[in-house]
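# Geometric and topological summary
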2 protein chains.
Amino acid sequence: MPEFNAPLRDMRFVLHEVFEAPALWARLPALADHVDADTADAILEEAAKVTGQLIAPLNRSGDEEGAQWLAGKVSTPKGFKTAYDTYIEGGWVGLSGNPVFGGLGMPKMLAVQFEEMLYGANSSFALYSALTSGACLAIDAHASDALKGTYLPPMYEGRWAGSMCLTEAHAGTDLGIIRTRAEPLPDGSFTLNGSKIFITGGDQDLTENIIHLVLAKLPDAPAGPRGISLFLVPKVLVNDDGSLGHGNALSCGSIEHKMGIKASATCVINFDGARGWLIGEANKGLAAMFTMMNYERLSIGIQGIGCAEASYQNARTYARERLQSRAPTGAVAPDKVADPIIVHPDVRRMLLTIKAMTEGGRAFASYVGQQLDLAKFSADPQEQQTASALVALLTPVAKAFFTDTGFDSCVLGQQVLGGHGYIREWGQEQLVRDVRIAQIYEGTNGIQALDLLGRKVIANGGVTLRLFTAQIRDFAARPDKPYASELLEAVQRLEDVSDWLQTRAMTNPNETGAACVEYLHLFGYVAYAWLWARMADVAQRSLDADPTFYSAKLATARFYFSRLLPRTLSLEQAIRAGCASLFELDAASF
Amino acid sequence: MPEFNAPLRDMRFVLHEVFEAPALWARLPALADHVDADTADAILEEAAKVTGQLIAPLNRSGDEEGAQWLAGKVSTPKGFKTAYDTYIEGGWVGLSGNPVFGGLGMPKMLAVQFEEMLYGANSSFALYSALTSGACLAIDAHASDALKGTYLPPMYEGRWAGSMCLTEAHAGTDLGIIRTRAEPLPDGSFTLNGSKIFITGGDQDLTENIIHLVLAKLPDAPAGPRGISLFLVPKVLVNDDGSLGHGNALSCGSIEHKMGIKASATCVINFDGARGWLIGEANKGLAAMFTMMNYERLSIGIQGIGCAEASYQNARTYARERLQSRAPTGAVAPDKVADPIIVHPDVRRMLLTIKAMTEGGRAFASYVGQQLDLAKFSADPQEQQTASALVALLTPVAKAFFTDTGFDSCVLGQQVLGGHGYIREWGQEQLVRDVRIAQIYEGTNGIQALDLLGRKVIANGGVTLRLFTAQIRDFAARPDKPYASELLEAVQRLEDVSDWLQTRAMTNPNETGAACVEYLHLFGYVAYAWLWARMADVAQRSLDADPTFYSAKLATARFYFSRLLPRTLSLEQAIRAGCASLFELDAASF
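The paragraphs below set out a description of the structure included in this document. (Residues numbered from 1 in each chain as written. Chains lettered and ligands numbered in written order. Predicted model: local features only at pLDDT ≥ 70, side-chain atom pairs only at ≥ 80, totals over all residues. Heavy atoms only, no water.)

### Let's talk about the overall build of chain A
Counting its secondary structure elements, chain A contains 20 helices and eleven strands. Computed over its C-alpha atoms, the radius of gyration of chain A comes to 24 Å, within 12% of the 25 Å expected for a compact globule of 590 residues. For chain A, the C-alpha atoms occupy an extent of roughly 80 × 60 × 60 Å along the three principal directions. When each of the 590 residues of chain A is scored for burial, the buried share is 66%. When contacts within chain A are restricted to residue pairs at least 6 apart in sequence, those whose partners lie at least 24 apart make up 74%. Approximately 19,600 Å² of chain A is accessible, and the part contributed by carbon and sulfur atoms is 53%. Across chain A, the 51 positively charged side chains and the 65 negatively charged ones have centroids separated by 4 Å. (Helix = DSSP H or I, 4+ residues; strand = E, 2+ residues; numbered from the N terminus. Rg over C-alpha atoms; globule rule 2.2 N^0.38 Å. Buried < 20%, exposed > 50% of the residue type's maximum accessible area, 1.4 Å probe, protein only. Contact = heavy atoms within 4.5 Å. Areas by Shrake-Rupley, 256 points an atom, 1.4 Å probe, with all protein chains shown as cover. Lys, Arg positive; Asp, Glu negative; His and termini not counted. Charge placed at Lys NZ, Arg CZ, Asp CG, Glu CD.)

### Some remarks on the pairing of strand β4 (residues 181–184) of chain B
Residues and elements named next belong to chain B. As paired elements, β4 and strand β5 (residues 190–200) share four bridges and run antiparallel to each other. Bridge pairing in β5 links P184 to F190. From the end of β4 to the start of β5, which pair antiparallel, there are five residues, and G188 there has a positive phi angle of about 95°. (Pairing = 2+ DSSP bridges.)

### Digging into the relation of the copies chain A and chain B
Taken together, a rotation about one axis and a shift along it account for how the two chain copies relate. At an RMSD of 0.0 Å, chain A and chain B line up after a rotation of 180° and a shift of 0.0 Å along the axis. In the structure described here, the two chain copies are related by an operation that fits a two-fold rotation axis. Closest to the rotation axis within chain A is the C-alpha of A:S570, separated from it by 2.7 Å. Both copies present the same face, since 99% of the interface residues in chain A are matched by interface residues at the equivalent positions in chain B. (Least-squares fit on C-alpha atoms with pLDDT ≥ 70 in both.)

### Digging into the packing of aromatic side chains
Residues and elements named next belong to chain A. Enumeration over the complete set of coordinates arrives at 49 aromatic pairs over all chains. Feature note: the residues F19, Y367, F468, Y519, F523 and W530 constitute an aromatic cluster, connected by ring pairs. In this structure, R436 is placed above the aromatic ring of F407, and the distance from its NZ or CZ to the ring centre is 5.5 Å. (Phe/Tyr/Trp six-rings, centres within 6.5 Å; stacked < 30°, edge-to-face > 60°. Lys NZ or Arg CZ within 6 Å of the ring centre and 35° of its normal.)

### Examining unusual backbone geometry
Here the phi dihedral of A:I261 falls at roughly 30°; this positive angle occurs in a residue that is not glycine. Residue placement: A:I261 occurs in the loop between β10 (250–255) and β11 (266–279). Its identity is not glycine, yet B:D480 carries a phi of approximately 65°, on the positive side.

### Description of the environment of A:D373
Residue and element names in this part refer to chain A. On the secondary structure map, D373 appears in helix α11 (residues 345–377). For D373, a relative accessible area of 2% gives the class buried. For the pair D373 and A83, spaced 290 residues apart in the sequence, the C-alpha separation amounts to 30 Å. D373 has contacts with W25, L28, P107, K108, M109 and S378, leaving out every residue within four places of it along the chain.

### Observations regarding the packing of helix α8 (residues 123–142) of chain A against helix α9 (residues 145–157) of chain A
Packed helices, taken two at a time, are described by their axes: the angle between them and the distance between them. Residue and element names in this part refer to chain A. At their nearest, the axes of α8 and α9 sit 10 Å apart, and the two run at 155° to each other. Looking at the two axes, α8 sits roughly antiparallel to α9. The crossing of α8 and α9 is left-handed. Along its contact with α8, which presents T132, A135, C136, I139 and D140, the element α9 presents K148, L152, M155 and Y156. The residue inventory of the contact of α8 with α9, partitioned by class, reads six nonpolar, one polar and two charged. (Axes fitted to C-alpha atoms, helices over the stretch in contact; angles between N-to-C directions. Parallel < 35°, antiparallel > 145°, perpendicular 65-115°, else oblique. Left-handed = near helix turned anticlockwise from the far one by under 90°. Nonpolar A, V, L, I, M, F, W, Y, C, P; charged D, E, K, R; others polar.)

### Quick word on the interface of chain A and chain B
Listed per partner, the contact involves 91 residues of chain A and 90 residues of chain B. Between chain A and chain B, the buried area comes to about 7,800 Å², and carbon and sulfur atoms account for 58% of it. Together, A:Y422, A:R563 and A:F590 form the three largest contributors to the area buried by chain A at its contact with chain B, with a combined 12%. Taken together, the links from chain A to chain B amount to four salt bridges. (Buried area = accessible area lost by both parts, 1.4 Å probe. Salt bridge = Lys/Arg side-chain N within 4 Å of Asp/Glu carboxyl O.)

### Looking at the environment of A:L352
Tracing the sequence through the fold places A:L352 in helix α11. When the C-alpha positions of A:L352 and A:Y483 are compared, they lie 19 Å apart, and in sequence the two are 131 residues distant. In contact with A:L352, not counting residues within four places along its chain, are A:T556, A:F559, B:S581, B:L582, B:L585 and B:F590.

These figures come from the coordinates and say nothing about function on their own.
Below, the structure is given as structure tokens:
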């Protein structure tokens, strides 16, 4: 059975050396007392133990057994409940939660490393608490003090979980057409009726309660997305003293049979007059839900990185051990029947591709984490505002680019094992199946791309984009920075294409949708180029301190610039081809 | 449950209009009496019925149930045996088999269309007879008349099946290190001992007998690939009169649990003193096995096309029916709650990408089929020799490019369905799992790429490549051909890169492996460009006869040239980056 070991040295490299996070934390009052380099390292080490020793061993058995639904109740696979109890004792669910309600108040930059470990160890297990953390964020941001006081503490503890109830059978991407109804009750609460599908962790046997955040329409609501409200609907009603009361009028109608994440229950949840409480303002539920959704989008992006890292570890081990054929330049293990396959150029190409994309992704996730921390904790309004804008711009990139390339990485990691990658025993095929959903849920990657190009770039007039590219230009303009000319060329390409699209979209609204997926990938490759240049910069300066570690970073950066960044050429050309060739066929001629 | 309908109109277009196959058949004596346009159409229509109505309905239930192994015996899922009996009654197994032994002697160009339908309907089912057809080919080409007379007739009938026993636990790509041994017996037969893994259809309950073609080493065999011999080893020994005798000393030790093709039994076969007969010359077994292997490589390539076609049909249906959001240019179905998602540019991009790659692949497969027919049946030695050379060049491209892009297409087809693509009910996720193996078995796609660039291009001094590119140049040079300048640019790029690699590989043998996968893709995109130009040429000339059909071809060609062919730019740049960045890390630093 494959092992999972959190890449602690790489995480410390990104956190402490590339982003110098401890210096940032020291100047942010809300963090200064909570966390420094040593605390962060201790947390990461403990997280590595929990994920590697407690949670990863349940990954394959969880896939084989799957979540089960019987007589309206979900049971998780053997071992999940015990592991979950130990896991929440460590306080992990509230790691970056609000300390006022029992959260640990840790920075997001640290939390993203933990999330990567959790998804790498066991994506299904990770989802049960990932939804809780996001639900807490939305409650904390938008709910009344009474709701916060009642619900947040047991949720941060992990005793209660959260869920996110958006999709209905006829309404996925298009939430404006949902049918779930909420009627006001005299006491200010509401009664909900409707049916939601694809609810991750909508039922399970891990927690005492599940707090559903539900999108529904009030009786007088306007049509479309401006008529949606957000409700807090607990599985078990909560008494005034915080103890559990009666079951609410809702039930789990069935669970889905899926390609992967089989140990995660994906539920149909029926609300049959269930009692709920409004979160935030009436008819402004979509905006409130987006607090949770943006959290989950980054989190799901990180699933892509975590799975790719796990696949890489397995592929690397196999490539070092599997003996097959001789190196093209002559035997390197003449005493053995054949050479380890890591001598073969194409095996190295596959491994380096995964490595470069995974480490680039880790750095990008940490950068987004840094901006989230600045947006939340900075005392400087200008800095705070810039960071918020960057988070809005980069969240769809993180979600879609991490998961598109994370999926590709898992497929490559499977390919390294040949036939052994296709059978279940080695775990590689499960990673492909598990990571595949990340390109779909929390808004398909096509929707992310539309959000990026349409709302975050074009509708924004490219203002935030320029904030981002200015940082890349600043870096490249400083003396002695590696890959400065390659970076400037790449960032110029991104800016030119963005300007071109801005103009084109004015003449034909279809241009945005026609270009957006390639645009998001172009954006991602340019961003990773910047991060690889930053990593190479640090590695160059630190080389003598640990030549093995830092020279590997320099080599991977060279690989990225010479073999992967050229993908931007084709992306640009496909974008500039425009939308015309997409609209020559009518629907019947497909 | 998804339906599968063979794309008959498209197949006739390729066969009759693009390649004018009936005219070719008429001038080849071995085919002229067997087949004309009407026969071909009748066969295709019957094939469409068999695959669509008999075999496709077992695809999902076969996946759910899987092949089972109990007490040393394999049973196939419910319905397989009955369907198989009906299937072989139609004579499909011997469709292109040698008429001397009961085959139908049909051209390969026709057989590739049938194979596509079979894989599109049910990949697991298809494999049980795909191996038989390939085994027959190797027996027919290399075995003694006695063996041919005994084994080929029941195999062409489908009463007996074939299998291909190469891989051992420690030897997959590297067959030179196999350990299975064959000892001569006084009567000229041999006794075999050893264990083979990953044997597709190594056991099943569909046929009376299974004829294993087994690679093994004779006692005095030289080490490595030049010391391998090929043996025919029946599951049940055959009496002199052709009736079945005792079971042979071999057994199925277990079957694999896999990501997909679950209804296809992937077996461990143990040979414990089993009796076998030499096929061809001693120590020249690998060459003989390659007759089967090359057959299977094209066949497995076609699995990529068939699965992509099936995925496309499901995605197209869904995209026309699923209502979600409004078209960017305004509602097209204002009377409905939302527009069908086929109005969205990115959904069209996904569908058109699958369509362009699948139809391009179908044309390429037909072209390879045409060359196989010429190599087998042409009376002109020059034509025969050119065709054989082209088959050798193009087989690895067909295997790897069809399956790499077929996998991508199935992933896109799944993406069109969003969350519904991830659950089992809609069948899209099964296609992704089923097609994934095609990039791995019959030689991984990395091995195909090495074969293409190393053996078929570089070792051949580019001679055959020039035969191929000359055909493209000839086409583009004729008056009024569509996309002539794009084609000339593309073919020049392929030739330049080939020349560059030829020179580089002399200075460093690692250059071949470093470039080969990107090179194969570059080759594939250029070849498809030629085939799309040919299809557009025919469509242009025929437009008035059926404007709907032919204008769809023209539109898809435009999409291919504007949005997909640009991928060659990045491929070229990655190739020209060379192997240096792959060899900076030592194995321990990965």
